[in-house]
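Architecture at a glance
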Amino acid sequence: MAVIPNEQPLFSLENLLAGGTGVEFEQQLQVRAAHLDLPVVLTPEACALLLETSAEQWRLLPEDTRARGLVQDLLAVGLLIVEEGEPAQPRQSDQRVRDGHWWALSAIHHRHSRWAGVDSASDMVKNHLVTAQDLVQQLGKPPAEAPDRQAGAIALPRAMPDAVAELLAGRTTCRNFDPDRPLPLDVLAGMLQHVLMAQAQVETEPGVRFLKKNVPSAGSLHPLEAFVVARNVEGLSTGIYHYHAVAHELGREATQPEDMDGFCLRLLSGQHWFASAHAMVVLVCRFGRNFWKYRNHAKAYRAVSLDVGHVSQALYTAATAKGLGAFVTAAINESEIESLLGFDPMVDGALAVCGFGWRADAMATAEFDPAGQVWTHWGQT
Ligand SMILES: Cc1cc2nc3c(=O)[nH]c(=O)nc-3n(C[C@H](O)[C@H](O)[C@H](O)COP(=O)(O)O)c2cc1C
């Protein structure tokens, strides 16, 4: 649980008439808990009571009427929980966090950095933060693109281009997909096989197995599950599938979005330029697999985030090799996939969405290709 002193600016006519700026600040104590989705604003008195309540030992309801009232308010918002009976939901949610071996600050960060109902694409337009020029106008200049050079630094030789260099250089985040050209199922299968499939496994003792994949993973635990959103794949009905990394198969989820276009747009927080990708992969972390080893560990959440980065880069590289465009985004409304598939975000957390497919012939949304690797090199204009 984290208590955050929050100051909200408020317009005050009184202040303005008295010759002030018209802005006053309302001070609030916001409490964020890892088992609750939303912050709760508390009075200093309720906050003090909460802070002096043990997180480990049950206590009887206080006799004193005022204290009892405060406790009941805290029970109603789920910050205090009852040992048995109703309300059961905050207790169960709290228990799942405790059982999950989260490091407390990571747990709060993860729970409260998730989005629901955010339209980042519209927000960017509304706040004039779309182009680099907009950004500089609103935010001033960014720190330099690279630190100052060091005197006496050793000049390095430039390597001759080879196949790996060309493959890496051919990657550009794709924001323009071709809706008229479906992606063959075997191309999707190849992407999954090269990046996410277990290439081998080791059973260290009965029932304990570790997978070998083409991407690295902290502790060799591979906690990321791939939920494939098939939008435009030949031979595969539109829908959401779980990819089984050992069996190399797609299991269709029992619950599917009623409106796939709307679902994808909301999942991608309004980023329509990604929503038309032929296939997307929602990377969902089974935290329990990593936290089994990295128990209550300050680096565990960072490690699973790095696992996501490796999968994303490998998907980019494999896509480039197959002549596809790819993307990754963390600007997602996690709540969309969580509520559809019934995930507790502290157990199975969506961390990013990757996607890939055939590029469109024309660039409607800007891509960053200053070296002309994609848009001239491949004959696209
Ligand atoms: C972690 C991560 C998150 C990203 N999120 C977004 C995003 O939300 N929307 C978007 O259009 N691009 C996103 N990108 C793509 C970057 O904008 C892109 O990598 C950058 O502009 C450089 O272009 P390049 O990938 O073509 O080299 C993301 C990239 C990374 C690595």
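Please read all numbers here as calculations on a predicted model, not as lab measurements.

Bringing the UniProt feature "domain: Nitroreductase" (unreviewed entry) in the protein chain into the picture now. The UniProt record annotates "domain: Nitroreductase" (unreviewed entry) at residues 169–358. The span residues 169–358 carries 32% helix and 29% strand; its end-to-end C-alpha distance comes to 18 Å.

As paired elements, strand E1 (residues 2–11) and strand E2 (residues 23–32) share 10 bridges and run antiparallel to each other. Residue pairing in the sheet places Leu-10 in a bridge with Glu-24 of E2. Here E2 pairs with strand E3 (residues 40–42) via three bridges, running antiparallel. Paired with Val-31 across the strands is Val-40, a residue of E3.

Our focus in this paragraph is the site of the ligand. All residues adjacent to the ligand are Arg-171, Thr-172, Thr-173, Arg-175, Gln-271, Trp-273, Phe-274, Val-328, Thr-329, Ala-331 and Phe-368. The separation between an oxygen atom of the ligand and a polar side-chain atom of Thr-173 is 2.5 Å. Thr-329 has a polar side-chain atom sitting 2.7 Å from an oxygen atom of the ligand. Contact with the protein chains hides 58% of the accessible area of the ligand, taken as 610 Å² for the molecule alone. For the shell around the ligand, the elements supplying multiple residues, two or more each, are helix H11 (272–275) and strand E12 (325–329). Partitioned by chemical class, the residues of the shell around the ligand number five nonpolar, four polar and two charged.

Another aspect to go through is the layout of surface pockets. Counted as a void, the largest pocket has a volume near 1100 Å³. Along the wall of the largest pocket there are 36 residues; nearest its centre are Ser-54, Ala-55, Leu-79, Ile-81 and Arg-98. Counting residues per element, the lining of the largest pocket draws most heavily on helix H4 (residues 89–99), at five residues. Three or more residues apiece are contributed to the lining of the largest pocket by two domains, here domain 1 (2–99) and domain 2 (103–131 + 163–381).

Conventions we followed
Residues numbered from 1 in each chain as written. Predicted model: local features only at pLDDT ≥ 70, side-chain atom pairs only at ≥ 80, totals over all residues. Heavy atoms only, no water. UniProt positions renumbered as here; feature names shortened; annotations may be inferred. Helix = DSSP H or I, 4+ residues; strand = E, 2+ residues; numbered from the N terminus. Pairing = 2+ DSSP bridges. Near = heavy atom within 4 Å. Polar contact = N/O pair within 3.5 Å; in protein donor to acceptor, adjacent residues only side chain to side chain. Areas by Shrake-Rupley, 256 points an atom, 1.4 Å probe, with all protein chains shown as cover. Nonpolar A, V, L, I, M, F, W, Y, C, P; charged D, E, K, R; others polar. 1 Å grid on protein atoms, 1.4 Å probe; cavity = no way out; pocket = protein on both sides within 12 Å on 5 of 7 lines; lining within 4 Å. Points joined across faces, edges and corners; volume = space filled by probe spheres on them. Domains from an automatic or database assignment.

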